[in-house]
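The residues making up each chain are set out below.
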Amino acid sequence: MLVGCGKAGWRMTDAIFKRVVRIERPAAEVFAWHERPGAFGRLCPPWERVEVSRHVGGIRDGARVSLLIGLVATSIAVAIGIVIGALAGYYGGVVDDVLMRLTEAFQTLPNFLLLLVLVSIFGSELITVVVAIGVVSWPATARLTRAEFLTLRNREFVQACRGLGMGDGRII
C-alpha cells in the first residue's frame, strides 16, 4: 500500500511540475525500426511509440491542469472557511448568528447552480471557474472551524492570553 501511495504521489508531482519534452527524430531513424536490436523495437515501430508518448503527454498535461484547479480551489475554500468560522466561533453572539446564517444560506443553495450563476456573470475563463469553485465550497470548513473555536475560546491558555493583554487578532 505504501508503494502504491508513493507511485500515486510521484505521478501527481510529475503531472504538476514536469513539462512534456518531445524529441523529433530523423526520418531515417523512424523508418529503420526493424533494424534495431531488441524485441521491443521489433514489436512496436517508433512512430507508434511516439503516438503513445503523445497520449501520455496529453494525459499528463490534463492531469496537471486538473490538479492545479483542485488545489487552488481548495485553498480558496479553506481560507474563506477558516476566516468565517474563526470569527463566528471566537466572537459568538450576533457575529456568530450573522455568519452562520450566511453559511446556511450557502449550504442550502445548490452548489452547481450557484457556480453556473457566478460563471455566467463573471465569464468562463479558467481563473473565474477556479475562484467560483472555491467560493461555493467553503461552508463545511467554516462549520468545522467554528466548532473548534467554540471549544477553545474558554480554555485556560486563551484566558491567560487575555490576562496578558493580547488583542483578539493575536489570540485568534
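None of these values were measured; they are calculated from a predicted model. (Residues numbered from 1 in each chain as written. Predicted model: local features only at pLDDT ≥ 70, side-chain atom pairs only at ≥ 80, totals over all residues. Heavy atoms only, no water.)

**Points about the nonpolar core**
Consideration 1: Core analysis: the biggest nonpolar cluster contains 7 residues, these being Ala77, Ile84, Ala88, Leu99, Met100, Trp138 and Ala142.
Consideration 2: When contributions to this core are tallied by element, the ones reaching two or more residues are α4 (46-91) and α5 (93-108).
Consideration 3: With 3 residues, α4 is the single largest residue contributor to this core. (Core = buried A, V, L, I, M, F, W, Y, C linked by side-chain atoms within 4.5 Å. Buried < 20%, exposed > 50% of the residue type's maximum accessible area, 1.4 Å probe, protein only. Helix = DSSP H or I, 4+ residues; strand = E, 2+ residues; numbered from the N terminus.)

**Some words on helix α6 (residues 111-122)**
Consideration 1: For α6, built from 12 residues, the straight-helix expectation of 16 Å at 1.5 Å per residue is met to within 8% by its first-to-last C-alpha distance of 16 Å.
Consideration 2: For α6, the complete set of buried residues consists of Leu114, Leu115, Leu118 and Val119. Buried positions in α6, seen along its axis, are confined to an arc of 130 degrees and lie on one side of it. Seen from the buried face of α6, the exposed residues on the opposite side, beyond 90 degrees, are Phe112, Ser120 and Ile121.
Consideration 3: Phi turns positive, to about 105 degrees, at Gly123, one or two residues after α6. (Expected span 1.5 Å × (residues − 1). Arc of directions from axis to C-beta.)

**Let's talk about the packing of α6 against helix α7 (residues 126-136)**
Consideration 1: Interaxial distance between α6 and α7 falls to 9 Å at its minimum, and their mutual angle equals 145 degrees. Here α6 and α7 pass one another in a crossing that is right-handed. On α7, the residues that touch Asn111, Leu114, Leu115, Leu118, Val119 and Phe122 of α6 are Thr128, Val129, Ala132, Ile133, Val135 and Val136. (Axes fitted to C-alpha atoms, helices over the stretch in contact; angles between N-to-C directions. Left-handed = near helix turned anticlockwise from the far one by under 90°. Contact = heavy atoms within 4.5 Å.)

**Observations concerning a nonpolar patch on the surface**
Consideration 1: A cluster of nonpolar side chains, namely Val83, Leu87, Tyr91, Val95 and Ile172, defines an oily patch on the protein surface of about 390 Å² accessible area.
Consideration 2: Counting residues per element, the nonpolar patch draws most heavily on α4, which supplies 3 residues.
Consideration 3: Topologically, Ile172 is positioned in the segment after α10 (168-171).
Consideration 4: Residue Ile172 is classed as partly exposed on the basis of its relative accessible area, which comes to 36%. (Patch = residues over 30% accessible without salt bridge, like charges linked within 9 Å, V, L, I, M, F, W, Y side chains within 5 Å. Areas by Shrake-Rupley, 256 points an atom, 1.4 Å probe, with all protein chains shown as cover. Salt bridge = Lys/Arg side-chain N within 4 Å of Asp/Glu carboxyl O.)

**Observations concerning the environment of Thr128**
Consideration 1: As for its placement among the helices and strands, Thr128 is situated in helix α7.
Consideration 2: Sequence-wise, Thr128 and Leu118 are 10 residues apart; in three dimensions their C-alpha atoms are separated by 8.3 Å.
Consideration 3: If we ignore the near neighbours within four places in the chain, the residues touching Thr128 are Phe122 and Gly123.

**Remarks on the pattern of salt bridges**
Consideration 1: Tallied over the entire structure, the rule returns 3 salt bridges.
Consideration 2: Linking Arg101 and Glu104 is a salt bridge whose minimum nitrogen-to-oxygen distance equals 3.1 Å. Highlighted residues: Arg101 and Glu104, both in helix α5, separated by 3 residues, approximately one helical turn.
Consideration 3: Taking relative accessible area as the criterion, Arg101 reaches 45% and is therefore assigned partly exposed.
Consideration 4: Overall, the relative accessible area of 30% leaves Glu104 in the partly exposed class.

**Describing the confidence of the model for the protein**
Consideration 1: Across the protein, pLDDT averages 77, with 66% of residues at or above 70.
Consideration 2: In the model, residues 19-41 has pLDDT below 50 throughout and makes 24 contacts with residues more than four positions away in sequence or in other chains. (pLDDT = per-residue confidence, 0-100.)

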